[in-house]
Amino acid sequence: MTPRHTHHTGRPASAGVSLNRALSKLGLCSRTQAQVLIAAGRVRVGGKVVRDAALRVDMNRDRIAVDGEAVVAERKVYLMLNKPRGLVTTRDDPLERDTVYACLEGLDLPYVSPVGRLDKASEGLLLMTNDTRFANRLMDPASHLPKTYHVQVATVPDETTLDELRTGVTVDGETLTANAIELLRSGGRTAWLEIVLDEGKNRHIRRLLAAHGIEVKRLIRIAIGSLPIGDLAKGTARHLTAEELALLAE
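These figures come from a predicted structure and were not determined experimentally.

A. Spatial organisation of the pairing of strand S14 (residues 190–197). With respect to burial, S14 is a largely interior element, six of its eight residues being buried. Examined bridge by bridge, strand S10 (residues 147–153) and S14 share seven bridges and lie antiparallel to one another. Within S14, the residue paired with Lys 147 across the bridge is Leu 197. Joining the antiparallel neighbours strand S13 (residues 180–187) and S14 is a turn of two residues, in which Gly 188 adopts a positive phi near 65°.

Here it is in C-alpha cells:
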C-alpha cells in the first residue's frame, strides 16, 4: 500500500488545519494576513521556518511562532455592533472603502471576524468574534437561526402584494423566501415592513423585493435569534453578556 504523504510534523497531510487557518483561529490575524507572514518567512513551526500556508498543523501540539514569539490562543471575544450604513463587512477591502473595523478602533481586542455579513447599504446588528466554532454554528443553515429586519420601502404594499412576497420568488435560478413578512406601519408613499429570514442569501431581501418592483430605502437588522439590538448606539460595539450568549444558544 502506498504510504500517505506527510509533512515535517510527521503526521498525515490531512491531519489538523492549514497553517494560515491556525493563525486565524488563534486570533492573531486573518487567513489572508497569515499568508503574507508565512510567505515572508516570519512563521516557524517546531522551530523551523515554514513558507507553505497549506501546511497542516496540530494547534494543540505544534509550537507555532511569529517573529520568534510563540502564538497562543487569545481569550474568546463576542461582540455586538450596530453597523452604520456605508461600511463594508470585511477587514481588508480592495476598493479601499471604509469597513466595520472603523467602529472597533481604540478597543483592546484580539483579531475578530464578522459572523455573516450585512451589505454596504444595510444597517443594524452584526456579531463579531474570534470563536470560529461559535461563528460556524450560528451561520450553519441547518441551525435555522432567524434574523429579523425592519425594511423601509418606497411604496405602501397592499395585502395582495404582501401575500405574493410571502410566497417567494425565483431569481437567477435561486429561490428567495421569507419566514414572515408583516406591514409595521405606513405613511405617505413609504412603509416599513418586518421581514424574518432563517437563511441569508446574497442581498436576499433586496432581490426578493426588487422582483416585485419594490425599492428598498433602508434595511436594518434588529435581531438575531432572540438577541435584539436594543439601544446600542449606531457605530458602536460592546461585549455580549452571558445572558445574551445564552439567547443565541437557544
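Read on, since the account is not over.
B. Quick look at the packing of aromatic side chains. As enumerated under the stated definition, the model contains one aromatic pair in all. Between Tyr 78 and Phe 134, the ring centres sit 4.9 Å apart and the planes meet at 75°, which makes this aromatic pair edge-to-face. Here Tyr 78, found in strand S7 (residues 78–83), pairs with Phe 134, found in helix H3 (residues 132–139); they are 56 residues apart in sequence, far enough to count as distant. The exposure class of Phe 134 is buried, given its relative accessible area of 9%.

C. Seen up close, H3. Along H3, the residues that are buried comprise Phe 134, Ala 135 and Leu 138. Seen from one end, H3 has its buried residues packed into an arc of 95°, which puts them on one side. Summarising the contacts, the buried residues of H3 are in contact with S7, strand S8 (113–115), strand S9 (123–129) and helix H6 (242–248). Backbone nitrogen of Arg 133 and a side-chain oxygen of the N-cap are separated by 3.3 Å at the start of H3; the cap is Asp 131.

The rules behind each value
- Residues numbered from 1 in each chain as written.
- Predicted model: local features only at pLDDT ≥ 70, side-chain atom pairs only at ≥ 80, totals over all residues.
- Heavy atoms only, no water.
- Buried < 20%, exposed > 50% of the residue type's maximum accessible area, 1.4 Å probe, protein only.
- Helix = DSSP H or I, 4+ residues; strand = E, 2+ residues; numbered from the N terminus.
- Pairing = 2+ DSSP bridges.
- Phe/Tyr/Trp six-rings, centres within 6.5 Å; stacked < 30°, edge-to-face > 60°.
- Arc of directions from axis to C-beta.
- Contact = heavy atoms within 4.5 Å.
- Polar contact = N/O pair within 3.5 Å; in protein donor to acceptor, adjacent residues only side chain to side chain.

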